Amino acid sequence: AGPYSIQRAHHVFADSESTRDEIISYYRTDPAKITVVYPGVEPRFRPYHPTNPEDAATLEHVRATYHLKPPFLLSLGTLEPRKNTATLIRAFAAYRTTHDTGVSLVIAGGGGWLGQRAALEALVQELGLSAHVHFTGFVADEHLPALINLARALAYPSLYEGFGLPVLEALACGVPAVTARNTSLPEAGGSAARYIDDATDAHALAAELAIALHDDAERARMVSTGLTHAARFTWPKTGQQVVALYQQILG
């Protein structure tokens, strides 16, 4: 929304406290005019159980479709500078200097900026990671829950987010998430995710990735806390909040 739209609106919905704060700061908007209404997590983002034949078949189909070889660390999102994938690749290289465990990095998402994938592939080659980093390209929406379930952890060191739904979707799937402590990401990850204070600090990110990938006790805490946190974000709850606010505004 632009400043004119915000000025004319009787009320504004923001999808995070971070976005609300930005609207107040940048557009000099009355705080009473803005309400945070969080998005929900679709029920299809849930833990898959390999002992369930349907879940097992879906996992195998997605694994084969995108040529995946677990265990892997997942990066999810359109390839654009804001997603900070270059820092993640450097962090993965640093992680591998002390943890040669067979974990690969899967970078899933279509190209957003012209030449972005080529630049990232060049960085992978420069760091000697070609055998350990896999680019899937665009991932169909219906495959996302299984793709997340196949991952050992999600890495999402974005520089800026309006909300950061992939972090919440990973937690809803019972997958540990490592992200950055900026903009709305702490709201998406709650106390379940692990954070780096500086999204561009590859060494700090490498250390957090190692914990999320290999510290069994912390992984268990992240999974349990993440499922509880994600369960608070539902679309029926979002809809109820919106309807209640409309009724309040319309009198």
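Right above here is the structure, for reference.
Computed from a predicted model, the values in this text were never measured in an experiment. Just so you know, the residues in each chain are numbered from 1, in the order the chain's sequence is written. Confidence filtering applies because this is a predicted model: local features only for residues at pLDDT of at least 70, side-chain atom pairs given and counted only at 80 or more, and all residues used for totals across whole chains, interfaces and linings. The side-chain values count all of the structure's non-hydrogen atoms but skip hydrogen atoms and water molecules.

## Looking at helix α9 (residues 202-214)
Between its first and last C-alpha, α9 extends 18 Å over 13 residues, near the 18 Å set by a 1.5 Å rise per residue. Among all positions of α9, only A202, L205, A206, E208, L209, A210, A212 and L213 are buried. Any pair of residues with heavy atoms lying within 4.5 Å of one another is described as a contacting pair. To qualify as a helix, a DSSP run of H or I must reach at least 4 residues; to qualify as a strand, a run of E must reach at least 2; elements of each kind are numbered from the N terminus. Close packing links the buried residues of α9 with β3 (72-76), α4 (85-98), β6 (153-156), β7 (177-180), β8 (194-196) and α10 (216-230). The N-capping residue of α9, defined by a side-chain oxygen 3.2 Å from the backbone nitrogen of H203, is D201. Expected helix span is given by 1.5 Å per residue-to-residue step, counting one fewer step than there are residues. Here's how the labels work: a residue is buried when its accessible area is under 20% of the maximum for its type, exposed when over 50%, partly exposed in between, all with a 1.4 Å probe on protein chains only. Polar contacts, as used here, are pairs of N or O atoms within 3.5 Å; protein pairs need one atom able to donate a hydrogen and one able to accept it. Residues neighboring in sequence count only if both atoms are side-chain atoms.

## Considerations on the pattern of salt bridges
Take a side-chain nitrogen of Lys or Arg and a carboxyl oxygen of Asp or Glu: if they are within 4 Å of each other, that pair is a salt bridge. Within this structure, the stated rule accounts for 12 salt bridges. Between R194 and E208 there is a salt bridge; the shortest N-O distance is 2.4 Å. Of this pair, R194 sits in strand β8 while E208 sits in helix α9, and the two are 14 residues apart along the sequence. What makes R194 partly exposed here is its relative accessible area of 21%. What you see here is one network of salt bridges that share partners, running through E80, R82, K83 and E161.

## Points about the sheet that holds strand β4 (residues 104-108)
Here, any two strands with at least 2 DSSP bridges between them count as paired. With parallel pairing, six strands are arranged side by side in an open sheet as β5-β4-β3-β6-β7-β8. A strand with exactly one partner marks an edge of an open sheet, and here the two such strands are β5 (133-137) and β8. Here the strands of the sheet are splayed against their neighbours by 25 degrees on average, with no regard to which way each runs. By the bridge criterion, five bridges tie β3 to β4 in an arrangement that is parallel. When the bridges of β4 are listed, S75 appears paired with I107. Only C-alpha atoms enter the line fits that serve as axes; for helices the fit covers just the stretch in contact. Angles between N-to-C directions range over 0 to 180 degrees. Along the sheet, α4 contacts β3, β4, β5 and β6; its crossing angle with β4, the most-contacted strand, is approximately 170 degrees. The sheet contacts of helix α7 (residues 165-172) involve β3, β6 and β7, and relative to β6 the element is tilted by about 170 degrees.

## Thoughts on the side chain of S184
One can find S184 in the loop between β7 and α8 (185-189). Here S184 falls in the buried class, since its relative accessible area comes to 0%. Dropping the residues within four chain positions of it, S184 is found in contact with S16, S18, E161, G162, F163 and G164.

## Things to note about the layout of surface pockets
In this approach a probe as big as a water molecule rolls over the atoms, and the regions it shows empty are the leftover space. Of the pockets and cavities examined, the largest pocket occupies roughly 260 Å³. In the cavity and pocket records, a cavity denotes points on a 1 Å grid over the protein atoms alone where a 1.4 Å probe fits but cannot get out, a pocket denotes an open set with protein on both sides within 12 Å along at least 5 of 7 lines, and lining residues are residues with an atom within 4 Å of a point. If you go around the largest pocket, you meet 18 residues; those closest to its centre are L76, V139, D141, L144 and E169. It is α7 that contributes the most residues to the lining of the largest pocket, three residues altogether. For this scheme, ten residues count as nonpolar: Ala, Val, Leu, Ile, Met, Phe, Trp, Tyr, Cys and Pro. Four count as charged, namely Asp, Glu, Lys and Arg, and the remainder, Gly too, count as polar. Class assignment for the residues of the lining of the largest pocket results in nine nonpolar, five polar and four charged. If you add up the space inside the second largest pocket, you get close to 160 Å³. The wall of the second largest pocket is formed by H67, L68, K69, R96, G102, V103, S104, V106, A131, H132, V133 and H134. When contributions to the lining of the second largest pocket are tallied by element, the ones reaching two or more residues are β4 and β5. Partitioned by chemical class, the residues of the lining of the second largest pocket number five nonpolar, five polar and two charged. Grid points are joined across faces, edges and corners, and a volume is the space filled by probe spheres set on the points.

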